[in-house]
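These are the residues of each chain, in order.
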Amino acid sequence: MSLIWATRGRTWGFRFLRNDASGDPLPVYDAAFSGVENTSEACRRVAETVALPEMVALRFPDPLGRQDRAGRVIPHDFVVFGPLADGIDSVEDARQRIWPLVADAFERVWKLPKPPSADG
């Protein structure tokens, strides 16, 4: 897979759970989500630059409506690269194509008292 995945759990805050970018995922994440920081759902294609590949920024609420301990629905943010990003043009595309790739992993970790580290 070629993606960065950031989310939070029931008791732990925002974390990168997957990092397929080389190095620190934060600059790539920030570039991808520039302009859609305060939206609950997003699908934003970002053109390739000298420093970054073409990518798609995706954000949507947890498909099962899981909430953190404060009662907020947990968001999932993805930055998708390469062939995996082909044909993703909407949040619904992301739910159908990207969510199944991480759903089982999130099921295993969202209730943990401490966040897991990024596995990329």
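Keep in mind the model is a prediction, meaning the values are calculated, not measured.

Take the side chain of His76 next. Relative to the helices and strands, His76 is located in strand S5 (residues 75-81). We classify His76 as buried; its relative accessible area is 0%. Polar contacts involving the side chain of His76 include one to the side chain of Thr7, which spans 3.2 Å. A distance of 2.8 Å separates the side chain of His76 from the side chain of Asp62, its partner in a polar contact. For His76, the contacting residues outside a window of four places in its chain are Trp5, Ala6, Thr7, Leu58, Arg59, Phe60, Pro61, Asp62, Pro63, Trp99 and Phe106.

It is worth spelling out the pattern of salt bridges at this point. Where charged atoms from two side chains of opposite charge approach closely, those side chains can pair. Scanning all chains against the criterion turns up ten salt bridges. In this structure, Arg95 and Glu41 form a salt bridge, with 2.4 Å as the shortest nitrogen-oxygen distance. Highlighted residues: Arg95 in helix H3 (residues 91-97) and Glu41 in the loop between helix H1 (25-33) and strand S3 (42-46), separated in sequence by 54 residues. For Glu41, a relative accessible area of 38% corresponds to the partly exposed category. A salt bridge links Arg59 to Asp77; its shortest N-O distance comes to 2.8 Å.

Another point: the environment of Asp30. Along the chain, Asp30 falls in helix H1. Remark: the alpha-carbon pair of Asp30 and Val79, spanning 49 residues in sequence, is separated by 9.9 Å.

Looking now at the nonpolar core. Of all hydrophobic cores here, the largest spans 22 residues; its most connected members are Leu58, Phe78, Val80, Ile98 and Phe106. Secondary structure elements with two or more residues in this core: strand S1 (3-7), strand S4 (55-61), S5, helix H2 (82-85), H3 and helix H4 (99-109). Considering each element in turn, this core owes the most residues, five residues, to H4. Core analysis: the second largest hydrophobic core is formed by 15 residues, Ile4, Ala6, Val28 and Met55 among them.

Definitions and cut-offs
Residues numbered from 1 in each chain as written. Predicted model: local features only at pLDDT ≥ 70, side-chain atom pairs only at ≥ 80, totals over all residues. Heavy atoms only, no water. Helix = DSSP H or I, 4+ residues; strand = E, 2+ residues; numbered from the N terminus. Buried < 20%, exposed > 50% of the residue type's maximum accessible area, 1.4 Å probe, protein only. Polar contact = N/O pair within 3.5 Å; in protein donor to acceptor, adjacent residues only side chain to side chain. Contact = heavy atoms within 4.5 Å. Salt bridge = Lys/Arg side-chain N within 4 Å of Asp/Glu carboxyl O. Core = buried A, V, L, I, M, F, W, Y, C linked by side-chain atoms within 4.5 Å.

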